[in-house]
Amino acid sequence: MNSFIKANPIRCIGCRTCLISCVVAHEGKRIFEIDPDGYNFNPRLFMVKTARVSAPVHCRHCENPACKASCTSGAIFVKDNVVLVDTKKCIGCKNCVIACPFGAVEIVETAEVQNDGSPRKIANKCDLCVGVADSPSCVKVCPTEALALVTDGDLSQSVADKRRNAAAAAAV
Amino acid sequence: MAKNSVKEIQTTCCYCGTGCQLLFTVDQAANKILDVHPVWGRTNEGTACLKGWYGWDYLNDPQILTKRLREPMIRKNGRKSPLEVVSWDEAIKFVADNFKRIKEKWGPDSFLGAASARGPGNEAGYITQKFTRAVMGTNNIDHCARICHAASVAGSRQTIGEGAMSLSIPEIEDAEVIFNIGYNAAASHPIVARRIVKAKEKGAFIICADPRITETARISDLHLQLKGGSNVALVNSLANVIISEDLIDHEFVKAHTKGFDEFWEVVKEYTPEYAATITGLSAEDIRFTARKYASSKHSVILWGMGITQFSQGVETVKCCCSLAMLTGNFGRPSCGTGPVRGQNNVQGTCDMGDLPDVYPGYQSVTDPEIQAKFEKAWGVKLSNKAGIQLTRVPEFVIHEKDPAKRIHAYYITGEDPAQSDPDLEEIRETLDQVDFVVVQDIFWNKTAEHADAILPATAWGEHDGCYTSSDRGFQRIRKVLEGQGNILPDWEITCRIATAMGYPMHYNNTEEIWNEMIDLCPKFTGATYEKMERQGSVQWPCWDKGPGDKGTMFLHKDGRFATPDGIGILKTSPYHPPTEVENKEFPLALCTVREVGHYSVRTMTGNCRMLRNLEDEPGWVEMSPEDCAELGLREGEIVKVLSKRGSVYTRCKPTERVKPGAVYMTYQWWIGACNELTISSLDPSSRTPEYKYCAARVEKIKDQAWAKQEVAHIYEDIRSRMHIVKEEVLA
């Protein structure tokens with residue numbers, strides 16, 4: 001099963017530490033030393049606040065990803081249970097943005113400049129920090145432990161618990 | 001890179017009063033921070049918020065919003081002359097000569113000192129008040145607690161005798177009932193909010209009284225969405241229910257309190273039905289809240305500026321303390337009152353006596369015995385007259401007709417009244433009319449534009465010392481980097497001015513200052529540097545230097561209050577509406593609030609890359625979707641916000657979390673500076689301004705392209721005044 005990050009809205013205080021940690025993880029520590037305008041601030045998760053909910057929205061790393069199915073350039077692929085974007089292949093067609101039912105993908109500007117002088121734009125989404133940080137960085141920094149990486153084992157355990165509770169309730 | 005030049009240094013975070021512990025990895029040879037992460041501390045347990053994790057690169061002077069001050073500067077040829085870079089000797093002489101001249105001509109009370117509740121730390125705070133009292137000869141010393149929690153200090157001292165949090169931050173998570181009133185922990189203290197979240201998970205019942213749906217309101221079991229400015233009516237009605245339904249802890253009230261009859265005289269009128277007409281709540285919810293609060297011996301009241309920044313702030317605080325007394329909720333773990341301090345060292349700056357009526361350790365300036373003790377220690381005659389509060393500076397400058405009674409010199413360390421005080425137009429006029437203004441700070445700020453002398457200080461991370469966390473915990477801060485440029489620690493600058501004025505003040509390090517202070521303050525005597533190092537945190541009172549006295553987790557043990565006779569006093573007063581209410585011309589109620597990623601006047605966080613990216617100028621005005629629809633406003637649109645006192649540009653943020661008729665702005669923006677709009681109406685006893693309520697209007701701007709250009713133009717103008725663009729202009 002593909003892992004994904006789940007937010008607990010009872011614990012989330014909407015502080016957005018997770019958003020910054022995402023940028024820092026992907027840009028690297030150099031970000032604190034370079035020209036303040038010399039990098040792109042593109043978090044791969046999105047804070048949503050309604051009247052009664054505060055929670056960041058991440059990519060769900062779907063088992064049959066609609067974004068992947070819709071990708072015209074073959075840039076979206078699954079590797080080691082993570083849905084990833086090959087930034088070199090991405091042509092910024094936005095099919096993935098339309099296809100994703102969670103709004104977890106967006107098109108962002110990169111530091112790369114195209115032939116016409118405009119910045120190159122590509123799809124941006126959660127990659128579970130594969131290859132950039134030890135654990136998903138947002139999970140590590142969250143001050144209220146509102147974020148958790150849900151793995152196959154966690155989900156099976158949770159489902160087993162719920163079934164046990166359901167059975168117990170039915171027995172009453 | 002020499003390997004042995006890399007060191008790990010633990011220090012206390014420079015933002016908010018939680019007092020989180022951070023570990024820096026520093027390459028000392030390169031004078032460079034390599035890594036930062038939170039480590040275990042009494043209050044933070046290894047966690048930190050976005051400011052702790054990512055709010056340190058301002059030390060490198062990235063010049064995003066403003067520029068670090070690196071050289072002493074003075075206006076040699078009078079008010080309008082340009083600031084000139086000079087040597088420290090010349091700057092110190094200039095300041096000392098002017099202070100001396102003003103003291104001789106107008107007397108000691110013509111001086112007012114503003115201490116810093118931020119980076120400089122407790123030792124610098126002690127030195128600032130010592131300078132004011134011993135060298136200038138006046139008690140005109142104050143600091144920014146005046147504009148945040150002075151009402152908590154005043155209200156708590158008048159009832160339970162001690163102005164600080166009675167419980168400590170970790171105890172919050174074991175409370176059974178949390179009554180959270182006018183306190184948005186998620187924005188002010190995320191790591192305290194974490195305790196509220198944990199309390200909820202452990203089964204606590206959370207009641208949140210707030211006109212907005214804050215994060216705490218959102219997770220609460222009961223949200224009392226009361227009308228702004230009606231706090232006193234609510235807390236009085238809670239007391240009314242507790243008394244009339246006999247939910248009182250009779251034993252506690254009898255043994256440990258007085259003033260019940262006078263208290264009942266006031267609150268008997270506040271039946272839930274009557275309070276409902278003022279607060280807009282239901283009588284049923286008020287009754288439920290009172291019953292729930294009184295049902296537990298582990299009920300905690302947490303409050304913030306949502307109750308203190310009103311002209312009835314002190315009265316609300318008094319009644320909150322009374323609620324806790326009525327129900328016997330003092331003197332045990334996980335109960336009591338929690339006025340949670342905002343800036344990192346507001347508690348400490350109060351502790352150090354940077355207040356007009358008390359010496360360090362809350363010792364009254366009008367008590368002859370105390371006066372004699374400090375006179376002996378400092379070797380000078382001291383004033384026994386309480387000083388004036390900093391919010392009254394306009395009154396003593398532009399509104400005072402008699403020059404002999406005016407403030408003529410204002411020494412401002414590490415604060416920015418021209419951004420943080422209410423009614424900025426009035427403040428600017430005031431600063432321009434004071435004969436001599438000294439700004440001692442780390443960044444160019446709005447106040448520096450009005451200064452006659454600028455004294456550049458080291459920042460947090462560039463010097464040693466200690467802070468006091470919101471819950472009375474003394475904790476060490478340590479030098480992480482060497483400060484760059486011709487800068488000095490705050491305490492050293494002030495000591496040099498004192499010495500130049502003929503009162504030698506010399507210390508080799510902050511520990512020497514600390515040792516002088518603790519020996520003069522019985523409550524702090526036991527809190528040595530050595531104990532702070534060993535324990536990590538020492539909560540006052542800590543009376544004895546021996547290892548047996550580890551400090552005090554919660555106050556008022558066994559119901560013995562800090563009042564002179566140990567008895568608590570039940571107090572409150574009748575409700576009155578805010579000073580300036582909505583009207584035809586200004587139909588909206590404006591309230592100032594906090595932005596989680598920014599701190600104080602934003603000189604520090606505005607110069608942190610990541611925090612700036614998260615939220616930047618010109619800020620937002622939060623409005624209800626209904627009000628936005630009526631004005632035809634969409635999210636992100638630039639709007640003009642006006643009050644009787646001025647106008648600013650900001651962006652519109654429609655949110656369901658806000659009720660129609662109310663608007664909210666955060667106070668740290670330089671373009672969208674909401675203090676251009678706020679009213680300088682003061683609480684009569686604490687002199688805290690009524691930031692949380694004034695009448696305002698929002699106007700749509702049809703030509704958004706023009707508005708964007710205008711905002712960009714204002715921003716560039718401010719940046720250039722803060723010496724980012726045109727370095728050569730120092731006018």
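Reading the values: rules and limits
- Residues numbered from 1 in each chain as written.
- Chains lettered and ligands numbered in written order.
- Predicted model: local features only at pLDDT ≥ 70, side-chain atom pairs only at ≥ 80, totals over all residues.
- Heavy atoms only, no water.
- Helix = DSSP H or I, 4+ residues; strand = E, 2+ residues; numbered from the N terminus.
- Buried < 20%, exposed > 50% of the residue type's maximum accessible area, 1.4 Å probe, protein only.
- Rg over C-alpha atoms; globule rule 2.2 N^0.38 Å.
- Contact = heavy atoms within 4.5 Å.
- Areas by Shrake-Rupley, 256 points an atom, 1.4 Å probe, with all protein chains shown as cover.
- Axes fitted to C-alpha atoms, helices over the stretch in contact; angles between N-to-C directions.
- Left-handed = near helix turned anticlockwise from the far one by under 90°.
- Nonpolar A, V, L, I, M, F, W, Y, C, P; charged D, E, K, R; others polar.
- Phe/Tyr/Trp six-rings, centres within 6.5 Å; stacked < 30°, edge-to-face > 60°.
- Lys NZ or Arg CZ within 6 Å of the ring centre and 35° of its normal.
- Pairing = 2+ DSSP bridges.
- 1 Å grid on protein atoms, 1.4 Å probe; cavity = no way out; pocket = protein on both sides within 12 Å on 5 of 7 lines; lining within 4 Å.
- Points joined across faces, edges and corners; volume = space filled by probe spheres on them.
- Buried area = accessible area lost by both parts, 1.4 Å probe.
- Salt bridge = Lys/Arg side-chain N within 4 Å of Asp/Glu carboxyl O.
- Polar contact = N/O pair within 3.5 Å; in protein donor to acceptor, adjacent residues only side chain to side chain.
- Core = buried A, V, L, I, M, F, W, Y, C linked by side-chain atoms within 4.5 Å.
- Domains from an automatic or database assignment.

Remarks on the overall build of chain A
And then number 1: Helix and strand counts for chain A come out as five helices and eight strands.
And then number 2: Counted from the first residue to the last, chain A has its helices and strands arranged as β-α-β-β-α-β-β-α-β-β-α-β-α.
And then number 3: When its C-alpha atoms are laid out on the principal axes, chain A stretches across 70 × 35 × 35 Å.
And then number 4: Burial statistics for chain A: of 172 residues in total, 42% are counted as buried.

Some thoughts on the overall build of chain B
And then number 1: Counting secondary structure elements, chain B contains 24 helices and 28 strands.
And then number 2: Over its C-alpha trace chain B gives a radius of gyration of 25 Å, about what one expects of a compact globule, namely 27 Å for 731 residues.
And then number 3: Seen through its C-alpha atoms, chain B measures out along the principal axes to roughly 70 × 70 × 65 Å.
And then number 4: The buried share of chain B, taken over its 731 residues, is 68%.
And then number 5: Of the contacts formed within chain B by residues at least 6 apart in sequence, a portion of 73% connects residues at least 24 apart.
And then number 6: A total accessible area of about 23,700 Å² is found for chain B, and carbon and sulfur atoms account for 51% of it.

A word on the packing of helix α3 (residues 122-136) of chain B against helix α20 (residues 510-520) of chain B
All names here are of chain B.
And then number 1: Between α3 and α20, whose axes approach to 9 Å, the crossing angle comes to 65°. Both α3 and α20 take part in a crossing whose hand is left-handed. Judged by residue contacts, Asn122, Glu123, Tyr126, Ile127 and Lys130 of α3 engage Thr510, Ile513, Trp514, Glu516, Met517 and Leu520 from α20.
And then number 2: Per-class residue counts for the contact of α3 with α20 are six nonpolar, two polar and three charged.

Overview of the packing of aromatic side chains
And then number 1: Inspection of the entire model under this criterion finds 28 aromatic pairs over all chains.
And then number 2: With centroids separated by 5.0 Å and ring planes inclined at 75°, the aromatic side chains of Tyr15 of chain B and Tyr599 of chain B adopt a geometry described as edge-to-face. Here Tyr15 of chain B, found in the loop between β1 (6-12) and β2 (21-27), pairs with Tyr599 of chain B, found in the loop between β23 (588-593) and α22 (609-614); they are 584 residues apart in sequence, far enough to count as distant.
And then number 3: For Tyr15 of chain B, a relative accessible area of 3% gives the class buried.
And then number 4: Overall, Tyr599 of chain B belongs to the buried group, its relative accessible area being 3%.
And then number 5: Here a set of aromatic residues connected by ring pairs shows up, and it is made of Phe94, Phe99, Phe111, Phe131, Tyr411 and Phe436 of chain B.
And then number 6: Geometry around Phe102 of chain A places Arg60 of chain A over its ring, the cationic atom sitting 5.6 Å from the centre.
And then number 7: A cation over a ring is seen here: Lys292 of chain B above Phe205 of chain B, with NZ or CZ 4.5 Å from the ring centre.

Comments concerning the sheet that holds strand β12 (residues 299-303) of chain B
All names here are of chain B.
And then number 1: The strand order across the open sheet formed by five strands is β10-β9-β8-β12-β13, and the pairing between neighbours is parallel. The outermost strands of the open sheet, each flanked by one partner alone, are β10 (222-224) and β13 (336-339). Taking each pair of neighbouring strands and ignoring which way they run, the sheet shows an average axis angle of 15°.
And then number 2: Bridging between β12 and β13 involves four bridges; their strand directions are parallel. The partner of Trp303 across the bridge, within β13, is Pro339.
And then number 3: Lying on the sheet, helix α14 (residues 313-326) is in contact with β8 (177-181), β12 and β13; it crosses β12 at an angle near 170°.

Notes on empty space enclosed by the protein
Residues and elements named next belong to chain B.
And then number 1: Per the counting criterion, the structure on display carries 17 cavities of 30 Å³ or more.
And then number 2: Computed from the structure, the largest cavity encloses a volume of approximately 120 Å³.
And then number 3: In this structure, the largest cavity is lined by 15 residues; those nearest its centre are Gly119, Pro120, Gly414, Asp441 and Ile442.
And then number 4: Taken together, the residues that form the lining of the largest cavity break down as seven nonpolar, five polar and three charged.

Brief notes about the interface of chain A and chain B
And then number 1: On the chain B side, the residues contacting the 36 residues of chain A number 40 residues.
And then number 2: Here chain A and chain B share an interface that buries about 3,100 Å² over both sides, 57% of which is from carbon and sulfur atoms.
And then number 3: By the criterion of area lost to chain B, the three top residues of chain A are Ile13, Phe32 and Arg52 of chain A, representing 22% of everything that side buries.
And then number 4: Where chain A packs against chain B, one counts seven salt bridges.
And then number 5: A salt bridge links Lys29 of chain A to Asp35 of chain B; the nearest nitrogen and oxygen atoms lie 2.8 Å apart.
And then number 6: At the surface where chain A touches chain B, the tally comes to 22 residue pairs in polar contact (both at pLDDT 80 or more).
And then number 7: Residue contributions to the side of chain A that touches chain B peak at six residues, all from helix α1 (residues 17-27) of chain A.
And then number 8: A breakdown of the residues in the side of chain A that touches chain B according to their chemical character gives 19 nonpolar, seven polar and 10 charged.

Let's talk about the pattern of salt bridges
And then number 1: One pass over the structure, following the stated rule, counts 63 salt bridges over all chains.
And then number 2: In this structure, Glu112 of chain A and Arg120 of chain A form a salt bridge, with 3.2 Å as the shortest nitrogen-oxygen distance.
And then number 3: The class of Arg120 of chain A is buried, set by a relative accessible area of 14%.
And then number 4: Between Asp221 of chain B and Lys200 of chain B there is a salt bridge, and its shortest N-O distance comes to 3.4 Å. Highlighted residues: Asp221 of chain B in the loop between α7 (215-219) and β10 and Lys200 of chain B in helix α6 (residues 190-201), separated in sequence by 21 residues.
And then number 5: A relative accessible area of 37% means that Asp221 of chain B is categorised as partly exposed.
And then number 6: Through salt bridges that share partners, Glu45, Glu173, Asp174, Arg194, Arg195, Lys198 and Lys202 of chain B make up one connected network.

Concerning the nonpolar core
And then number 1: By size, the foremost hydrophobic cluster in this structure holds 96 residues, and its most contacted members are Ile20 of chain A together with Phe24, Tyr58 and Met610 of chain B.
And then number 2: Split by domain, this core shows at least three residues from each of two domains, domain 1 (1-58 + 128-172) and domain 2 (60-125) of chain A.
And then number 3: Other than its neighbours up to four places away in sequence, Phe24 of chain B contacts Lys7, Glu8, Ile9, Thr11, Ile33, Asp35, Val36, Trp56, Trp460 and Val480 of chain B.
And then number 4: Listed in part, the 71 residues of the second largest apolar core include Phe131, Met305, Leu488 and Ile493 of chain B.

Comments concerning the sheet that holds strand β19 (residues 465-468) of chain B
Where strands meet in a sheet, backbone hydrogen bonds hold them as pairs that are either parallel or antiparallel.
Residue and element names in this part refer to chain B.
And then number 1: Spatially, β19-β20-β21 is the arrangement adopted by the three strands of the open sheet, whose pairing is antiparallel. Edge positions in the sheet fall to β19 and β21 (538-539), since each has one partner strand and no second.
And then number 2: As paired strands, strand β20 (residues 473-477) and β21 are joined by two bridges and run antiparallel to one another. Counted as the bridge partner of Gly473 is Gln539 from β21.
And then number 3: Helix-sheet contacts for α3 involve β19 and β20, and the interaxial angle to β19 is about 90°.

Regarding unusual backbone geometry
It is generally the case that most residues other than glycine have a negative phi and that most peptide bonds are trans.
Residues and elements named next belong to chain B.
And then number 1: Residue Pro541 is reached from Trp540 by a cis peptide bond, and omega for that bond is 0°.
And then number 2: Along the chain, Pro541 turns up in the loop between β21 and β22 (568-569).
And then number 3: A cis geometry characterises the amide bond from Glu617 onward to Pro618, with omega recorded as 0°.
And then number 4: Note that Pro618 resides in the loop between α22 and β24 (620-623).
And then number 5: Phi is positive for Tyr362, close to 60°, though the residue is something other than glycine.
And then number 6: Tracing the sequence through the fold places Tyr362 in the loop between β14 (358-359) and β15 (363-364).
And then number 7: Overall, Tyr362 belongs to the buried group, its relative accessible area being 11%.
And then number 8: At Arg602, a position not held by glycine, the phi torsion is positive, near 75°.
And then number 9: With respect to the helices and strands, Arg602 occurs in the loop between β23 and α22.
And then number 10: Of the residues examined, Arg602 reaches a relative accessible area of 1% and is grouped as buried.

What to know about the domain arrangement of chain A
Residues and elements named next belong to chain A.
And then number 1: Segmentation of chain A into domains returns domain 1 (1-58 + 128-172) and domain 2 (60-125).
And then number 2: Domain 1 puts 13 residues into the contact, and the matching count from domain 2 is 19 residues.
And then number 3: Across the domain 1/domain 2 interface, buried area totals approximately 1,400 Å², and carbon plus sulfur atoms make up 48% of it.
And then number 4: Together, Asn2, Arg44 and Phe46 form the three largest contributors to the area buried by domain 1 at its contact with domain 2, with a combined 38%.
And then number 5: Remark: the boundary between domain 1 and domain 2 carries zero salt bridges.
And then number 6: Linking domain 1 with domain 2 are 11 residue pairs in polar contact (both at pLDDT 80 or more), by the criterion used here.
And then number 7: A breakdown of the residues in the side of domain 1 that touches domain 2 according to their chemical character gives seven nonpolar, five polar and one charged.

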